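# Structural characterization, general
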Amino acid sequence: MEIRIAIKNDAEFIALLGRVTFTETFGHFFKDKQDLLNYFNATFSVDKIENSIAKPNNVYWIAFVDRLAVGYAKLKLNSNSKFIALEDVCQLQKIYVLKDFLSMKIGFNLQNLILEKAKEKGNSCIWLSVLKSNERAINFYRKNGFQHIGNHDFTIGKENFKFIAMSKELQ
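Computed from a predicted model, the values in this text were never measured in an experiment.

### Section: the side chain of Asn58
For Asn58, the position within the fold is in strand 2 (residues 58-65). Residues in contact with Asn58, not counting those within four places in the same chain, are Ser52, Ile53, Lys74, Leu75 and Lys76.

In C-alpha coordinates form, the structure reads like this:
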(Lines give C-alpha, C1' and ligand atoms only; values in the text may rest on other atoms or scores of the structure.)
Protein backbone atom coordinates (compact mmCIF):
# COMPACT_ATOMS: atom_id res chain seq x y z
CA MET A 1 0.00 0.00 0.00
CA GLU A 2 1.15 3.51 -0.82
CA ILE A 3 -0.61 6.71 0.23
CA ARG A 4 0.57 10.11 -0.92
CA ILE A 5 -0.65 13.66 -1.33
CA ALA A 6 -2.66 13.90 -4.55
CA ILE A 7 -1.64 16.23 -7.37
CA LYS A 8 -3.55 17.63 -10.35
CA ASN A 9 -2.58 14.62 -12.50
CA ASP A 10 -4.43 12.36 -10.02
CA ALA A 11 -7.77 14.06 -10.74
CA GLU A 12 -8.79 11.35 -13.25
CA PHE A 13 -8.22 8.62 -10.66
CA ILE A 14 -10.06 10.57 -7.96
CA ALA A 15 -13.01 11.37 -10.23
CA LEU A 16 -13.40 7.70 -11.13
CA LEU A 17 -12.91 6.54 -7.51
CA GLY A 18 -15.52 9.08 -6.39
CA ARG A 19 -18.08 7.77 -8.87
CA VAL A 20 -17.47 4.09 -8.11
CA THR A 21 -17.28 4.37 -4.32
CA PHE A 22 -20.29 6.70 -4.18
CA THR A 23 -22.27 4.17 -6.23
CA GLU A 24 -21.13 1.31 -3.99
CA THR A 25 -22.28 3.18 -0.87
CA PHE A 26 -25.25 5.28 -1.99
CA GLY A 27 -26.30 4.12 -5.46
CA HIS A 28 -29.14 1.92 -4.21
CA PHE A 29 -30.87 4.95 -2.64
CA PHE A 30 -31.53 6.58 -6.03
CA LYS A 31 -34.86 5.77 -7.66
CA ASP A 32 -33.98 8.02 -10.62
CA LYS A 33 -30.56 7.08 -11.97
CA GLN A 34 -30.41 10.39 -13.87
CA ASP A 35 -30.23 12.17 -10.51
CA LEU A 36 -27.16 10.07 -9.69
CA LEU A 37 -25.56 10.81 -13.08
CA ASN A 38 -26.26 14.54 -12.69
CA TYR A 39 -24.62 14.46 -9.26
CA PHE A 40 -21.58 12.68 -10.70
CA ASN A 41 -21.23 15.25 -13.47
CA ALA A 42 -21.46 18.11 -10.97
CA THR A 43 -19.26 16.58 -8.24
CA PHE A 44 -16.88 14.08 -9.79
CA SER A 45 -15.88 15.61 -13.12
CA VAL A 46 -12.15 15.68 -13.78
CA ASP A 47 -12.24 19.49 -14.16
CA LYS A 48 -14.03 19.91 -10.81
CA ILE A 49 -11.51 17.67 -9.04
CA GLU A 50 -8.55 19.44 -10.69
CA ASN A 51 -9.90 22.80 -9.54
CA SER A 52 -10.53 21.45 -6.04
CA ILE A 53 -7.00 20.03 -5.75
CA ALA A 54 -5.60 23.44 -6.76
CA LYS A 55 -7.39 25.29 -3.92
CA PRO A 56 -5.03 26.07 -1.01
CA ASN A 57 -7.68 25.09 1.58
CA ASN A 58 -7.99 21.56 0.20
CA VAL A 59 -5.62 18.65 0.76
CA TYR A 60 -6.19 15.36 -1.03
CA TRP A 61 -4.52 12.01 -0.51
CA ILE A 62 -4.67 9.05 -2.87
CA ALA A 63 -4.14 5.41 -1.88
CA PHE A 64 -2.68 2.70 -4.10
CA VAL A 65 -2.45 -1.06 -3.72
CA ASP A 66 -0.20 -2.79 -6.25
CA ARG A 67 -0.17 0.49 -8.21
CA LEU A 68 -3.99 0.54 -8.49
CA ALA A 69 -5.76 3.63 -7.17
CA VAL A 70 -8.15 2.22 -4.55
CA GLY A 71 -9.14 5.18 -2.37
CA TYR A 72 -8.78 8.84 -1.58
CA ALA A 73 -9.44 11.37 1.14
CA LYS A 74 -10.05 15.10 1.29
CA LEU A 75 -9.40 17.57 4.10
CA LYS A 76 -10.90 21.06 3.85
CA LEU A 77 -9.06 23.59 6.01
CA ASN A 78 -10.88 26.63 7.42
CA SER A 79 -14.27 24.93 7.19
CA ASN A 80 -16.56 26.11 9.95
CA SER A 81 -19.64 24.16 10.98
CA LYS A 82 -22.93 25.51 12.30
CA PHE A 83 -22.53 22.93 15.08
CA ILE A 84 -19.13 24.22 16.33
CA ALA A 85 -18.51 27.67 17.82
CA LEU A 86 -14.73 27.61 17.31
CA GLU A 87 -12.81 29.47 14.58
CA ASP A 88 -9.92 27.10 13.88
CA VAL A 89 -12.00 24.25 12.50
CA CYS A 90 -11.47 21.98 9.51
CA GLN A 91 -13.57 19.32 7.81
CA LEU A 92 -12.84 15.74 6.94
CA GLN A 93 -14.86 15.89 3.72
CA LYS A 94 -14.22 12.50 2.19
CA ILE A 95 -12.68 9.14 2.84
CA TYR A 96 -13.68 6.88 -0.03
CA VAL A 97 -12.21 3.40 -0.46
CA LEU A 98 -13.28 0.77 -2.97
CA LYS A 99 -15.39 -1.89 -1.26
CA ASP A 100 -12.95 -4.72 -2.15
CA PHE A 101 -10.16 -2.93 -0.26
CA LEU A 102 -12.00 -1.86 2.92
CA SER A 103 -10.48 -4.67 5.00
CA MET A 104 -6.94 -3.36 4.37
CA LYS A 105 -7.36 -0.44 6.84
CA ILE A 106 -6.81 2.11 4.08
CA GLY A 107 -9.56 4.32 5.51
CA PHE A 108 -7.91 4.24 8.92
CA ASN A 109 -4.55 5.24 7.42
CA LEU A 110 -6.16 8.03 5.39
CA GLN A 111 -7.95 9.30 8.49
CA ASN A 112 -4.68 9.38 10.45
CA LEU A 113 -3.01 11.43 7.73
CA ILE A 114 -5.94 13.87 7.76
CA LEU A 115 -5.78 14.24 11.55
CA GLU A 116 -2.00 14.76 11.42
CA LYS A 117 -2.30 17.48 8.75
CA ALA A 118 -5.21 19.16 10.57
CA LYS A 119 -3.11 19.40 13.77
CA GLU A 120 -0.05 20.55 11.82
CA LYS A 121 -2.12 23.39 10.33
CA GLY A 122 -3.15 24.53 13.82
CA ASN A 123 -6.76 23.38 13.91
CA SER A 124 -8.31 22.65 17.30
CA CYS A 125 -11.28 20.67 15.98
CA ILE A 126 -12.27 18.60 12.95
CA TRP A 127 -15.79 17.72 11.86
CA LEU A 128 -17.48 15.54 9.28
CA SER A 129 -20.89 14.47 8.02
CA VAL A 130 -21.94 10.85 7.63
CA LEU A 131 -25.15 9.30 6.35
CA LYS A 132 -27.33 8.47 9.35
CA SER A 133 -27.92 4.92 8.08
CA ASN A 134 -24.21 4.23 7.44
CA GLU A 135 -23.58 2.34 10.69
CA ARG A 136 -20.22 1.03 9.51
CA ALA A 137 -18.85 4.55 9.02
CA ILE A 138 -20.47 5.94 12.18
CA ASN A 139 -18.94 3.13 14.25
CA PHE A 140 -15.55 3.70 12.58
CA TYR A 141 -15.58 7.39 13.50
CA ARG A 142 -16.90 6.78 17.04
CA LYS A 143 -14.15 4.23 17.61
CA ASN A 144 -11.67 6.92 16.53
CA GLY A 145 -12.89 9.56 18.97
CA PHE A 146 -15.55 11.44 16.98
CA GLN A 147 -18.77 12.44 18.74
CA HIS A 148 -22.23 13.22 17.39
CA ILE A 149 -22.82 17.00 17.36
CA GLY A 150 -25.90 17.49 15.20
CA ASN A 151 -28.17 16.42 12.35
CA HIS A 152 -28.76 17.86 8.90
CA ASP A 153 -30.30 16.98 5.55
CA PHE A 154 -28.71 16.89 2.11
CA THR A 155 -30.70 16.70 -1.12
CA ILE A 156 -29.50 15.22 -4.40
CA GLY A 157 -32.07 15.43 -7.17
CA LYS A 158 -35.32 14.04 -5.79
CA GLU A 159 -33.66 12.21 -2.88
CA ASN A 160 -33.31 13.67 0.60
CA PHE A 161 -30.64 12.18 2.85
CA LYS A 162 -30.40 12.37 6.64
CA PHE A 163 -26.87 13.02 7.90
CA ILE A 164 -25.29 13.34 11.29
CA ALA A 165 -22.41 15.69 11.99
CA MET A 166 -19.56 14.43 14.16
CA SER A 167 -16.50 16.18 15.56
CA LYS A 168 -13.26 15.47 17.32
CA GLU A 169 -11.01 17.78 19.31
CA LEU A 170 -7.43 17.79 18.11
CA GLN A 171 -4.72 17.80 20.77
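This is not the end of the story, as more comes after the structure.
### Here's the deal with the state of the cysteines
Within this structure, the stated rule accounts for zero disulfides. For Cys90, which is in no disulfide, the shortest distance to another cysteine sulfur is to Cys125 and amounts to 7.8 Å.

### Here we look at the pattern of salt bridges
Tallied over the full model, the rule gives seven salt bridges. In this structure, Arg4 engages Glu2 in a salt bridge whose closest nitrogen and oxygen atoms are separated by 3.9 Å. Relative accessible area serves as the criterion here: at 27%, Arg4 is assigned to the partly exposed category. With a closest N to O distance of 3.1 Å, Lys158 and Asp35 form a salt bridge.

### Looking at the nonpolar core
Phe22, Leu75 and Ile126 are the most contacted members of the largest nonpolar core, which totals 53 residues. Broken down by element, the residue count for this core peaks at seven residues, all from strand 2.

### Description of the environment of Lys117
For Lys117, the location among the structural elements is in helix 4 (residues 106-120). Between the C-alpha atoms of Lys117 and Leu75, which are 42 residues apart in sequence, the distance is 8.5 Å. The residues contacting Lys117, other than those within four sequence positions of it, are Val59, Trp61 and Leu75.

Conventions and cut-offs
Residues numbered from 1 in each chain as written. Predicted model: local features only at pLDDT ≥ 70, side-chain atom pairs only at ≥ 80, totals over all residues. Heavy atoms only, no water. Helix = DSSP H or I, 4+ residues; strand = E, 2+ residues; numbered from the N terminus. Contact = heavy atoms within 4.5 Å. Disulfide = S-S within 2.5 Å. Salt bridge = Lys/Arg side-chain N within 4 Å of Asp/Glu carboxyl O. Buried < 20%, exposed > 50% of the residue type's maximum accessible area, 1.4 Å probe, protein only. Core = buried A, V, L, I, M, F, W, Y, C linked by side-chain atoms within 4.5 Å.

Read these as geometric descriptors, not functional statements.
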